[in-house]
Amino acid sequence: MTLTRTRVRVEGIVQGVGFRPFVHALAGRLGLAGLVGNDAGGVFVEVEGAAETVERFLEALATEAPPLAVIERMTATPLPPTGIRGFAIAPSEAGGERQTLVSPDTATCEDCLRELADPADRRYRYPFINCTNCGPRFTIVRDVPYDRPATTMATFEMCADCAREYSDPADRRFHAQPVCCPACGPALALLDREGRPAAGDPLAEAAARLREGAVVAVKGLGGYHLAADAASEPAVAALRARKHREDKPFAVMVADLAAARRLCLVDPAEEAMLASPRRPIVLLRRRDGDAERVAGSVAPGNRSLGLLLPYTPLHHLLLATVGRPIVLTSGNVSDEPIAYLDGEARERLGGIADWFLRHDRPIHVRADDSVVRSFGGRELPLRRSRGFAPQPLDLPWPFPRHVLACGAELKSTFCLAKGGHAFLSHHIGDLKNYETFRSFTEGVEHFRRLFAVDPEVVAHDLHPEYLSTKYALELDGVELEAVQHHHAHVASCLADNGEPGPVIGVAFDGLGFGADGTIWGGELLVADLEGFRRAGHLEVVPLPGGAAAIKEPWRMAAAWLDVAFEGRAPDGLAVVGRNRDRWERVVALARSGTAAPPTSSAGRLFDAVAAILGVRDAVNYEGQAAVELEQLADPAERSTYPAEVVVADGGLLRLGGSDLVRAVVEDLEAGVAPPLIAARFHNGLAAATVTACEAIREERGLGTVALSGGVFQNMLLLERTVSALDHRGFRVLTHSRVPPNDAGISLGQAAVAGARDRSQDGGHGEPPPPPGLGPRTGG
Ligand SMILES: [Zn+2]
Ligand SMILES: [Zn+2]
């Protein structure tokens, strides 16, 4: 037998995930000698034994790694054999460049659930049970290296039993930093609004209060939730009223997949999303007749329902004790960020919650629940936060210098990038809220420290009033890189798919600052990561009253009808009647051009059509009218409204929104049912988009289309556009790792900044020429 010795370096998420015990056990099973240890770059292993056994070891290292481990790179180097025996865990080595990754918070694993339910186990019914494969991570990490003293578990001193498990390489809690038990770990308490503890077992009492119809604030992983019995109309209505949340649907936590299937239609892909260790909220199609099980005010007028499964032991125990689904929504008032500190929660949620079910393990980073839906069997993220962050996105193009991308404003995230990694932050929220802006600035600092990123290049939006732009402009000693909003959308879709372009980029969203200083939002770009040229856009109309038009879709109806009917909008329309007293004034405002900036926004066209069809004249949350127009549309309807695509000013293609609006009005006046009209409108916009893409393909020879922007959260539009593009022989790129909405902007900005940094001449490179100017000449 020939002895060989090999040194293996493993990089990725390999610390705090049970990698060393796994290596130790694997070497033991194969009878190999050597050692394993952590250092700043990841895990290092030395194994010695028969050549073929070492081969098998290397293979198993990659294929049998623990569930939370993400191996990004494995390099093996031969060493001279030493003849040593046994396999040891080497002490951690400090120093070197910090490369290790912090893993996301992870749902309670099967092994822990078994112990949780075992009366003989010392952690029987203990709400904070965890192990190397599960439990809190990102939300409790204060600093690196990821070790107990650097987490919010630092103040809990391990008992002798826990310490033994923690230091035994054969134990499944070996070096699980949050390890604890009833003797030494966090404890639950149920408090009333005044902070007085309730008598009895906190969990049983909280469950009883929920069943009686109370609203209970529950401290979770990344913040406080507000819970209520999902079947109780009075409880859910009270929660809605106190939270000042008029219509936006609430998420519902169900005990298991069987319970999910009782409320919604769940296909295998969706089951996998629900049950994944990330445990996002999954938007699902409701079953008819779920009315007895879910109160009407959980998701009023909505065909889909957001469900999630328990992801902490506390959730598992609570759901089992309550015995039915509960509403579990962010612990905040209206659009404030989720409360995560105990004091602030009592203060801010005191007017909403009757009771507080809390514990004494501090939360270091606020993280909302993530939200996904299924598109073509793939995950389409709408909010990427708890369970996903801070796992980096791998990009095939290394960043020459460290980058910070500051994102947009309303659905803010930031992104730090170095090497081949993009660290996209958790969902931060609307920066115009002071508290949210503070968590943005603190979050940037936290990520910089955690991942040892020292940005030299800072990317930002063109919008001068975004707080993220202002933040970027105030940084000293960095190179600034301005990235146009819709270019960032398309770049985020390219980065999401690991493709450099060039592509035909379709970016449909609410509003974004255009390269020409006007407001864009229905854009067709010819783009790669470095640059873009506008190739076409939706017809331009005034935005009467600016921001007021976003809150009041009927204003967009006034603007669109005025343009579509050239000042002679049919007078008998219901939307005109409902807004009679202000209609003429708003039409005049739109025509005046003062306080009515021109926009090509696709989102605002949806608003206009929603108002014309009587869906709603004013919104309570961003995008509501468009969401409800999608809900209204009959998905079985296949006929479509024709919309002209013409070459207009400046050689740009123009998609005729007016044609769609006129067709909507004609059908409405002819008595066609609104669900059919809504569907034909969706189909018409999809068809016009595809026609425009074909024209661009003709000119430029580009056969790939990237779809991005918040409007493509609309599944009907997305599905119709993708299938029509497919049908015409296009390759279509959609999102599956980051949201198509503004939460993906920071990744796009980072990708653009990185590409410009890489470009050979060191400058910004030439953006591709507009259609009609011939092929790109390079350089
Ligand atoms: Zn576990
Ligand atoms: Zn203990």
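Everything below is about the structure printed above this text.
Starting from 1, residues in each chain are numbered consecutively following that chain's sequence as written. Numbering of ligands from 1 and lettering of chains from A proceed in the order in which they are written. Two thresholds apply to this predicted model, a pLDDT of at least 70 for residue-level local features and 80 or more for giving and counting side-chain atom pairs, whereas whole-chain, interface and lining totals are computed over all residues. Side-chain metrics in this entry use all non-hydrogen atoms of the structure; hydrogen atoms and water are not considered.

In this section: the overall build of the chain. Regarding its fold elements, the chain presents 23 helices and 29 strands. Radius of gyration: C-alpha atoms only; globule rule: 2.2 Å multiplied by the number of residues to the exponent 0.38. At 28 Å, the chain has a C-alpha radius of gyration in line with the 28 Å of a compact globule built from 779 residues. Each principal axis of the C-alpha distribution contributes one length, and for the chain these read about 90 × 70 × 50 Å. Burial analysis of the chain (779 residues in total) assigns 59% to the buried set. What sets the accessible areas is the Shrake-Rupley method with a 1.4 Å probe; for residues, cover comes only from the shown protein chains. Carbon and sulfur atoms form 52% of the exposed surface of the chain, whose accessible area is close to 28,700 Å². Between the centroid of the 82 positive side chains of the chain and the centroid of its 100 negative side chains there is a distance of 3 Å. Starting at the N terminus, helices and strands are each numbered in turn, a helix being any DSSP run of H or I of at least four residues and a strand any DSSP run of E of at least two. Think of it in three bands: residues with accessible area under 20% of the maximum for their type are buried, residues over 50% are exposed, and the middle band is partly exposed, with areas taken using a 1.4 Å probe on protein chains only. The charge count treats Lys and Arg as positive and Asp and Glu as negative. His and the chain ends do not count. Charge coordinates come from a single atom per side chain, which is NZ of Lys, CZ of Arg, CG of Asp or CD of Glu.

Take the packing of aromatic side chains next. Pairing of aromatic side chains here covers Phe, Tyr and the six-membered ring of Trp, requires ring centres within 6.5 Å, and sorts the geometry by plane angle: under 30 degrees stacked, over 60 edge-to-face, intermediate tilted. Taken as a whole and judged by the stated rule, the model has 13 aromatic pairs. Look at Phe414 and Phe447: their rings are 5.1 Å apart centre to centre, the planes differ by 85 degrees, and that puts the pair in the edge-to-face class. Here Phe414 is found in the loop between strand 17 (393-405) and strand 18 (415-424), whereas its partner Phe447 is found in helix 11 (residues 434-450), with 33 residues between them in sequence. Overall, the relative accessible area of 0% leaves Phe414 in the buried class. The buried category is assigned to Phe447, whose relative accessible area is 0%. A ring pair is formed by Phe437 and Phe440, whose centres lie 5.9 Å apart and whose planes are at 20 degrees; its orientation type is stacked.

Donor atoms are limited to N, O and S found within 2.8 Å of the metal ion, a distance that becomes 3.2 Å for Na, K and Ca. With water left out, some sites might look partial. Donor atoms from the polypeptide that bind the zinc ion (ligand 1) are Cys109 (SG), Cys112 (SG), Cys131 (SG) and Cys134 (SG), placed at 2.3 Å. Taken in chain order, the donor set of the zinc ion (ligand 1) reads C-x2-C-x18-C-x2-C. Here the residue Cys109 occupies a position in the loop between strand 5 (87-89) and helix 3 (110-116), and Cys131 occupies one in the loop between helix 3 and helix 4 (160-167), the gap between them amounting to 22 residues. Judged by its relative accessible area of 0%, Cys131 falls in the buried class.

Here the focus is the environment of Ser723. With respect to the helices and strands, the residue Ser723 is situated in helix 22 (residues 715-727). Along the chain, Ser723 and Ala339 lie 384 residues apart, while their C-alpha atoms are 42 Å from each other. Polar contact is the term for a pair of N or O atoms within 3.5 Å; when the atoms are in protein, one must be able to donate a hydrogen and the other to accept it, and sequence-neighboring residues count only if both atoms are side-chain atoms. Within the local environment of Ser723, its side chain forms a polar contact with the backbone oxygen of Arg720, the two atoms lying 3.5 Å apart.

What follows is about the pairing of strand 16 (residues 378-383). Of the strand pairs in this sheet, strand 15 (residues 371-375) and strand 16 are connected by five bridges, and their pairing is antiparallel. Paired with Phe375 across the strands is Arg378, a residue of strand 16. Hairpin connection from strand 15 to strand 16: two residues lie between these consecutive antiparallel strands, with Gly376 at a positive phi of about 60 degrees. Strands are treated as partners if at least two bridges between them are detected by DSSP.

Here we take up the pattern of salt bridges. Salt bridge, as applied in this entry: a Lys or Arg side-chain nitrogen positioned within 4 Å of an Asp or Glu carboxyl oxygen. Summed over the entire model, instances satisfying the criterion amount to 56 salt bridges. One salt bridge in this structure joins Glu271 and Arg261, with 2.5 Å as the shortest N-O distance. With Glu271 in helix 8 (residues 268-275) and Arg261 in helix 7 (residues 257-263), this pair connects stretches of sequence that are 10 residues apart. The salt bridge partner of Arg534 is Glu523, with a shortest N-O separation of 2.6 Å. Residue Arg534 is located in strand 23 (residues 532-538), and its partner Glu523 is located in strand 22 (residues 519-527); the two are separated by 11 residues in the primary sequence. For the pair Arg534 and Glu523, a shared accessibility class is recorded, and that class is buried.

On to the state of the cysteines, then. Any two cysteine sulfur atoms lying within 2.5 Å of each other are counted as a disulfide. Under the defined criterion, the tally for this structure stands at zero disulfides. With no disulfide of its own, Cys493 lies 12 Å from the sulfur of Cys693, the closest cysteine sulfur.

To obtain each axis, a line is fitted to C-alpha atoms, and for helices this fit is confined to the stretch in contact; angles are then taken between N-to-C directions over 0 to 180 degrees. Interaxial distance between helix 13 (residues 485-497) and helix 23 (residues 745-758) falls to 7 Å at its minimum, and their mutual angle equals 85 degrees. In terms of orientation, helix 13 lies roughly perpendicular with respect to helix 23. Residue-level contacts link His485, His487, Ala488, His489, Ala491, Ser492, Ala495 and Asp496 of helix 13 to Ile745, Leu747, Gly748, Gln749, Ala751, Val752 and Arg756 of helix 23. Only Asp, Glu, Lys and Arg are considered charged in this grouping, and only Ala, Val, Leu, Ile, Met, Phe, Trp, Tyr, Cys and Pro are considered nonpolar; every other residue, Gly among them, is considered polar. Here the residues of the contact of helix 13 with helix 23 are counted per class, giving seven nonpolar, six polar and two charged. Should an angle lie under 35 degrees it is considered roughly parallel, over 145 roughly antiparallel, and from 65 to 115 roughly perpendicular; all remaining angles are considered oblique. Note on contacts: a residue pair is in contact if any heavy atoms of the two residues lie within 4.5 Å.

Read from one edge of the open sheet, five strands run 4-1-3-2-5, paired in mixed fashion. Two strands in the sheet have a free side with no partner beyond their single neighbour: strand 4 (70-79) and strand 5. Averaged over all pairs of adjacent strands, the angle between their axes in this sheet comes to 15 degrees, without regard to strand direction. Seen against the sheet, helix 1 (residues 19-30) touches strand 1 (3-13), strand 2 (33-39), strand 3 (42-50), strand 4 and strand 5 and runs at an angle of roughly 170 degrees to strand 5.

We now examine the sheet that holds strand 19 (residues 457-461). Here we have four strands laid out as an open sheet, ordered 18-17-19-20, and mixed in their pairing. Each of the sheet's edge strands pairs with one partner strand only, and the pair in question is strand 18 and strand 20 (479-483). With strand direction ignored, the average angle separating the axes of adjacent strands in the sheet is 60 degrees. Examined bridge by bridge, strand 17 and strand 18 share six bridges and lie antiparallel to one another. Along strand 18, the bridge assignment pairs Leu404 with Leu416.

Let us now look at the side chain of Ser736. Secondary-structure assignment places Ser736 in the loop between strand 29 (731-733) and helix 23. Reaching out from Ser736, the side chain makes a polar contact with the side chain of Arg378 at a distance of 3.5 Å. Once you skip the residues sitting within four places of it in the chain, Ser736 turns out to touch Arg378, Glu379, Pro381 and Asp496.

Attention now goes to the environment of Leu318. Topologically, Leu318 is positioned in helix 9 (residues 313-322). Once the C-alpha coordinates of Leu318 and Glu194 are considered, the two residues, 124 residues apart in sequence, prove to be 23 Å apart.

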